[in-house]
Amino acid sequence: MSSKRKIALACSVCGSRNYTINENPNRTERLEVKKFCKYCNKHTLHRETK
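Residues numbered from 1 in each chain as written. Predicted model: local features only at pLDDT ≥ 70, side-chain atom pairs only at ≥ 80, totals over all residues. Heavy atoms only, no water.

Peer 1: Tell me what's going on with the pattern of salt bridges, and back it up with residues and numbers.
Peer 2: Oppositely charged side chains can pair when the atoms bearing their charge come close. Taken as a whole, this structure holds 3 salt bridges when the rule is applied. A salt bridge links E48 to R27, with the shortest nitrogen-to-oxygen separation between them at 2.6 Å. Here the residue E48 occupies a position in strand β4 (residues 42–48), and R27 occupies one in the loop between β2 (17–22) and β3 (32–37), the gap between them amounting to 21 residues. In this structure R27 comes out as partly exposed when scored by relative accessible area, which is 26%. (Salt bridge = Lys/Arg side-chain N within 4 Å of Asp/Glu carboxyl O. Helix = DSSP H or I, 4+ residues; strand = E, 2+ residues; numbered from the N terminus. Buried < 20%, exposed > 50% of the residue type's maximum accessible area, 1.4 Å probe, protein only.)

In structure tokens, the structure reads:
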């Protein structure tokens, strides 16, 4: 049984943690995706946090 850890995605502009995803243990670098930030009210780059 593999345990799924949750990771937060934080907005690179305002720093708010808007999204959570399940961790993929095979990935080595940090995830970066463009998503909508409701605080900035626009699409910004969201980075994986610890």
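Peer 1: I'd like a rundown of the environment of K4, residues and numbers included.
Peer 2: Within the secondary structure, K4 is located in the segment before β1 (6–11). Along the chain, K4 and N22 lie 18 residues apart, while their C-alpha atoms are 6.1 Å from each other.

Peer 1: Before we move on, could you go through the environment of E32 and cite the residues and values that matter?
Peer 2: Tracing the sequence through the fold places E32 in strand β3. When the C-alpha atoms of E32 and C11 are compared, they prove to be 9.8 Å apart, with 21 residues separating the residues in sequence. Once residues within four sequence positions are removed from consideration, E32 is found in contact with L45, H46 and R47. Here R47 takes part through its side chain, which lies 2.9 Å from a polar atom of the side chain of E32. (Contact = heavy atoms within 4.5 Å. Polar contact = N/O pair within 3.5 Å; in protein donor to acceptor, adjacent residues only side chain to side chain.)

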